[in-house]
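Below are the chains, spelled out letter by letter.
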Protein chains: 2
Amino acid sequence: MSDIRVLVVEDEPIAAAAHAAYIGRLEGFTLAGTAPDGQSALRLMTDFAAAGTPVDLVLLDMNLPDLHGLDIARRMRAAGLFADIIAITAVRELNIVRSAVATGVVQYLIKPFTFATFADKLGSYRLFREQLASPAAGHAGPGASQSDVDQAFASLRAPSELPLPKGLAASTLESVQDFMKLQSGAVSASEVMDALGMSRVTARRYLEYLADAGTVTRTARYGAPGRPENEYRWTRTAS
Amino acid sequence: MSDIRVLVVEDEPIAAAAHAAYIGRLEGFTLAGTAPDGQSALRLMTDFAAAGTPVDLVLLDMNLPDLHGLDIARRMRAAGLFADIIAITAVRELNIVRSAVATGVVQYLIKPFTFATFADKLGSYRLFREQLASPAAGHAGPGASQSDVDQAFASLRAPSELPLPKGLAASTLESVQDFMKLQSGAVSASEVMDALGMSRVTARRYLEYLADAGTVTRTARYGAPGRPENEYRWTRTAS
DNA sequence: CACCGTTGCGTTCATATTGGTCATGGAAGG
DNA sequence: CCTTCCATGACCAATATGAACGCAACGGTG
C-alpha cells in the first residue's frame, strides 16, 4: 500500500518543522509539503490535486494568521478537497471540537503533545484506513457489514493510554495538569497538595515530572524562613 | 438540555415513516421534519436555520432520486449548514464510508437495521454531545484536556455492536451496568464486588470495559495509604 | 562580621493497599 | 465425552502515603 501523503499547516516555523520531522519518523506516512497559512494551504492542496497526487491527510493548526482552521476546513469542502483532517490546537474549547467534527475532522490533538501522542493518533488513523481498504475476512461478498464499519469507526476513535515513567499514574498526572492549567500565578507543591488532597510527596513528584517535560517551569521562592520552596508555573503554551 | 432536533431525509415513504417513528420513541430527540429528496432537504434546513431553530442532526439516506447523499453533505457544508450527519445506506461500499467521514458523517447505519441498532447509534451520538457540553466531572475548569476529547470521540463508538472482548459475558455486563445506573455517587471496584457477589477481578474487568467505552468515568481516590483506589461513576445522564 | 539555632521544605525509604496477570476449575453447549 | 468459555483464587507488580532525615535560608547573638 502506498504511503499516506500528509500536508502540515502551521504558522510557527519551529512547530511546523517539528511536525514535519514527526511525519518523517512514522512508518507509512510521507510529507507532501508544509504551509504557513490558510491561503497557501488551500492553493497547495489544489495544485497537488491537479497534479494527480492529492493530499490524503492534513495536519491543520486551528490558529493561523489569515484564516481560522474551521474556515479552512469549510473552504476545503466547498472547493471539493476531501482530504481527511487532524486538527491541532492549543484552544481547549469543546464547541470547536463539535464544529470540527461536523466538517470532517477525524482526530483532535491538543498542544503541547508528545511524539507518542502524535504517533498514536496518526497510527489509529492509518488503522482506520487499512480497515476500510481490506475489511476483515470471513464475510463473503464485496460489501461491508455493519460490524465492519463499526470496527473501522472504533479504531479511529478509540483512546489509548500512553506509557508513563514508572511510579506515575496517568489519572494523577492529569489531575495535576488540570489544576496547573487553571493557576495564573506560580504555586508551590504544598498548595497543590492541599488543593488536590494528595500527599506532599506525590504532588512534588508529579510537579517534578512536569518540570522535566517542560510543561511547567520551576523557580525558587525566597524570603520566608526555612528552606526555599520551589514554585511551579504553567508554561504558556506556544501558539 | 433541550432535545436534539432531527431531520429525516429518505425517499421511500415507508422507510421515512419508520425512521420518524423511531425518533419519536427515543428520549432526547425531536423530529424536526422529513424530506423525500436532497433539494427539499437543503431547503428545509435553510429555512429552519433562518427561523432560528436549526437542525442538529440529519438522518441522511445515501440513495436519493435527485442527489447522492455525499453531494448533499458537501452542499450542506458549502451552504454553511453544519448539522451532524448520520448516514443511512444499503450500499456497502467502503470508499463511500471514507468520503462520508471526510464530510463530517459521525455515524454510519447500513440497512436493514433493527430499532436496537438505531437506538444505539443515536444514543452514542447523544452521549457524544453531552460530553462535549459538560466534560467529565472530576476535572475542574472550563478547558478540555486531551483525554476529555478522546473520551468524547470514544462515545461515538458502538460498544454494544462490537464483538465483546474475550472473557466478557453479555449477562454479566448487563448486571454491572444495571448496578452502576442505580448508583448516584462513585463506587469502587470492591464495592461492586460486594454488592453483586462477584470476584474483584471480574468486577474490575467489566468496570474497565465500561470505562473504556465511555459509559463510566474512572477517577482515583486519594488520601489513604496504599495504592490509590479507582472509583467509577456512571456518566450517561438520563435527560 | 561570623556563627548557630530555628524553621520549613526537599529527599529517601519502608509500608499499606490496590491493580494486573496467569493458570485453574467448573459450567454450558454441542 | 469433548470443547469452549468465563469466573475465580493466588500471585506479582504498581503507587500513594507517612515518617525520618537532610538541607538551605532566615534571624538572632557573640
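To be clear, the structure that these remarks concern was listed above.
I will try to describe carefully the structure that is included in this document.

Procedures and definitions
Residues numbered from 1 in each chain as written. Chains lettered and ligands numbered in written order. Predicted model: local features only at pLDDT ≥ 70, side-chain atom pairs only at ≥ 80, totals over all residues. Pairing = 2+ DSSP bridges. Helix = DSSP H or I, 4+ residues; strand = E, 2+ residues; numbered from the N terminus. Axes fitted to C-alpha atoms, helices over the stretch in contact; angles between N-to-C directions. Contact = placed C-beta atoms within 7 Å. Core = buried A, V, L, I, M, F, W, Y, C linked by C-beta atoms within 7 Å. Buried ≥ 20, exposed ≤ 12 C-beta atoms within 10 Å, placed from the backbone. Expected span 1.5 Å × (residues − 1). Arc of directions from axis to C-beta. Near = placed C-beta within 6 Å. Nonpolar A, V, L, I, M, F, W, Y, C, P; charged D, E, K, R; others polar.

1. Some points on the sheet that holds strand β3 (residues 57–61) of chain B
Residues and elements named next belong to chain B.
Next, step 1: What the five strands build is an open sheet, ordered β2-β1-β3-β4-β5; its pairing is parallel. Of all strands in the sheet, those bounded by a partner on one side alone are β2 (29–35) and β5 (105–110). Each strand of the sheet is rotated relative to its neighbour by a mean of 20 degrees, with strand direction disregarded.
Next, step 2: The pairing of strand β4 (residues 84–89) with β5 spans five bridges and is parallel. Along β5, the bridge assignment pairs Ile 86 with Gln 107.
Next, step 3: Set on the sheet, helix α3 (residues 69–78) makes contact with β3, β4 and β5; between it and β3 the angle comes to about 150 degrees.

2. Overview of the nonpolar core
Next, step 1: Of all hydrophobic cores here, the largest spans 92 residues; its most connected members are Leu 7 of chain A together with Leu 7 of chain B.
Next, step 2: Per element, the largest residue contribution to this core is six residues, and it comes from helix α5 (residues 115–133) of chain B.
Next, step 3: Setting aside chain neighbours within four positions, we find Leu 7 of chain B in contact with Ala 32, Gly 33, Ala 35, Ala 41, Leu 44, Met 45, Val 55 and Val 58 of chain B.
Next, step 4: Membership of the second largest hydrophobic core comes to 13 residues, among which are Val 187, Val 192, Ala 203 and Tyr 206 of chain B.

3. Let's talk about helix α2 (residues 38–50) of chain A
Residues and elements named next belong to chain A.
Next, step 1: The terminal C-alpha atoms of α2 lie 18 Å apart, and with 13 residues this matches the ideal 18 Å at 1.5 Å per residue to within 8%.
Next, step 2: Inspection of α2 places Gly 38, Ala 41 and Met 45 among the buried residues, and these make up the whole buried set. Buried residues of α2 fall within an arc of 60 degrees about the axis and therefore sit on the same side. The exposed residues of α2 that point more than 90 degrees off its buried face are Arg 43, Asp 47 and Ala 50.
Next, step 3: Summarising the contacts, the buried residues of α2 are in contact with β1 (4–9), β2 (29–35) and α3 (69–78).
Next, step 4: Looking one or two residues past α2, Gly 52 carries a phi angle of roughly 85 degrees, positive in sign.

4. Some thoughts on the protein's contact with DNA strand C
Next, step 1: Of all residues adjacent to DNA strand C, which total 19 residues, the nearest are Gly 226, Arg 227 and Asn 230 of chain A together with Gly 226 and Arg 227 of chain B.
Next, step 2: At three residues, the largest contribution of residues to the surface near DNA strand C is made by helix α9 (residues 200–213) of chain B.
Next, step 3: Looking at side-chain class alone, the surface near DNA strand C contains six nonpolar, six polar and seven charged residues.

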